[in-house]
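Here are the chains, one letter per residue:
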Amino acid sequence: EKNRNYRFLIIEDNLIKMYDSNGKIVSGFNPPLFESKIIMQPVHIRIGSKDYIIIQLENGTLKILDRRGRDRVIVNDKIQFSDNSIFSYLENFTTTDIKGNLVKIDENGNLIKENLNLSSKNFIDIVNNNLVYLDENKLTIKGITIELPFSRFSKPKIFINSNIMLVGITDLNEDKIYLYKENGNLVKGFPIKGKSVIDIEDSDNDGKIEIVSKLDQFSIVSYEINLSQN
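From a predicted model like this one, the values you see are computed outputs, not experimental measurements.

What counts and what doesn't
- Residues numbered from 1 in each chain as written.
- Predicted model: local features only at pLDDT ≥ 70, side-chain atom pairs only at ≥ 80, totals over all residues.
- Heavy atoms only, no water.
- Salt bridge = Lys/Arg side-chain N within 4 Å of Asp/Glu carboxyl O.
- Buried < 20%, exposed > 50% of the residue type's maximum accessible area, 1.4 Å probe, protein only.
- Helix = DSSP H or I, 4+ residues; strand = E, 2+ residues; numbered from the N terminus.
- Polar contact = N/O pair within 3.5 Å; in protein donor to acceptor, adjacent residues only side chain to side chain.
- Contact = heavy atoms within 4.5 Å.
- Core = buried A, V, L, I, M, F, W, Y, C linked by side-chain atoms within 4.5 Å.
- Pairing = 2+ DSSP bridges.
- Axes fitted to C-alpha atoms, helices over the stretch in contact; angles between N-to-C directions.

Engineer: Please clarify how the pattern of salt bridges should be interpreted in this entry.
Structural biologist: Two side chains that carry opposite charge are able to pair once their charged atoms sit near each other. A complete count under the given rule lists eight salt bridges for this structure. Note that Asp51 and Arg46 form a salt bridge whose closest N and O atoms lie 2.9 Å from each other. A residue is classified by how much of its surface remains accessible, and Asp51, at 7% relative accessible area, is buried. Between Glu182 and Lys142 there is a salt bridge, with the nearest N and O atoms lying 2.8 Å from each other. Here Lys142 lies in the loop between strand 13 (138–141) and strand 14 (144–147) and Glu182 lies in the loop between strand 17 (176–181) and strand 18 (192–193), a separation of 40 residues in the sequence. For Glu182, a relative accessible area of 32% corresponds to the partly exposed category. We classify Lys142 as partly exposed; its relative accessible area is 43%. In the salt-bridge network here, residues are joined through shared partners; they are Arg46, Asp51 and Arg67.

Engineer: I keep staring at the side chain of Gln56 and nothing clicks. Help me out?
Structural biologist: Following the sequence through the fold, Gln56 ends up in strand 4 (residues 50–56). Its relative accessible area of 2% is what places Gln56 among the buried residues. Polar side-chain contacts of Gln56 include one of 3.2 Å to the backbone oxygen of Asn84. With residues near it in sequence (within four places) discarded, Gln56 still touches Lys37, Ile38, Ile39, Met40, Thr61, Leu62, Phe81, Asn84, Ser85 and Ile86.

Engineer: What am I meant to see in the nonpolar core here?
Structural biologist: Among soluble globular proteins, nonpolar side chains are generally buried collectively. Residues Ile45, Tyr52, Ile54, Leu62, Ile64, Phe93 and Ile105 are the most contacted members of the largest nonpolar core, which totals 15 residues. Of all the elements in the fold, those that place two or more residues in this core are strand 3 (43–47), strand 4, strand 5 (62–65) and strand 9 (101–105). Among the elements that take part in this core, strand 3 stands out by supplying three residues, more than any other. Leaving out residues up to four positions away in the same chain, Phe93 has contacts with Ile45, Ile47, Tyr52, Ile54, Ile64, Ile86, Phe87, Val103, Lys104, Ile105, Asp106 and Glu107. Core analysis: the second largest hydrophobic core is formed by 14 residues, Leu139, Met165, Tyr178 and Tyr180 among them.

Engineer: Help me out: how do you make sense of the sheet that holds strand 4 in this one?
Structural biologist: Strand-to-strand pairing in sheets goes through backbone hydrogen bonds, with the strands running parallel or antiparallel. Pairing within the open sheet is antiparallel, and its four strands lie in the order 3-4-5-6. Each edge of the open sheet is held by one strand with a lone partner, namely strand 3 and strand 6 (71–73). Strand after strand, the sheet turns through a mean of 45° between neighbouring axes, direction not considered. Judged from the two bridges that link them, strand 5 and strand 6 form a sheet pairing that is antiparallel. In the sheet register, Leu65 faces strand 6, and the bridge partner there is Asp71.

Set out below in structure tokens:
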């Protein structure tokens, strides 16, 4: 609501608490003690005018709560969660499982699996209903598959800048940052040096984006990229 009435969710094993911006516990949020350990950070998703707090449990249960911590959607199916969080995708709560399926749950708790033939160590990102995923050395952007060198990669990350969609991914073995357009083309001048997940922002409002990455154990680096030249 842009009123800076922030809420912070803190988890410990199978317990979750909500704090306000003054560090005080929010008394109106009273979820139960869950039957299993929480394995990922909680996610807030808004679909239409409804708010949902999403919790993934170690036993495969997906908890979808309201603002007071009560069950808002009941999901009866168990999910073999991958290392991905939960995203909003086409008005579904969406993730992947270790069998390589795209798992979608609607607001009635119905679960649908779409087999993407991914390995168990897949990574996805979703922004504004745009889906990208990494499987071994194959990065797929809106249905376009790019073959990367065989290596160890960070999770892919989508950025939307002035209606331009970009996808960043880092080769963690070779310390190389790749930046792709939504058509699968590598942005001119890439790869560049970096060794962490990147962030992108036009921080000085000059129409050129800055890419920030960890450079080594003790420093970070910021690159300015002029997309108009690509």
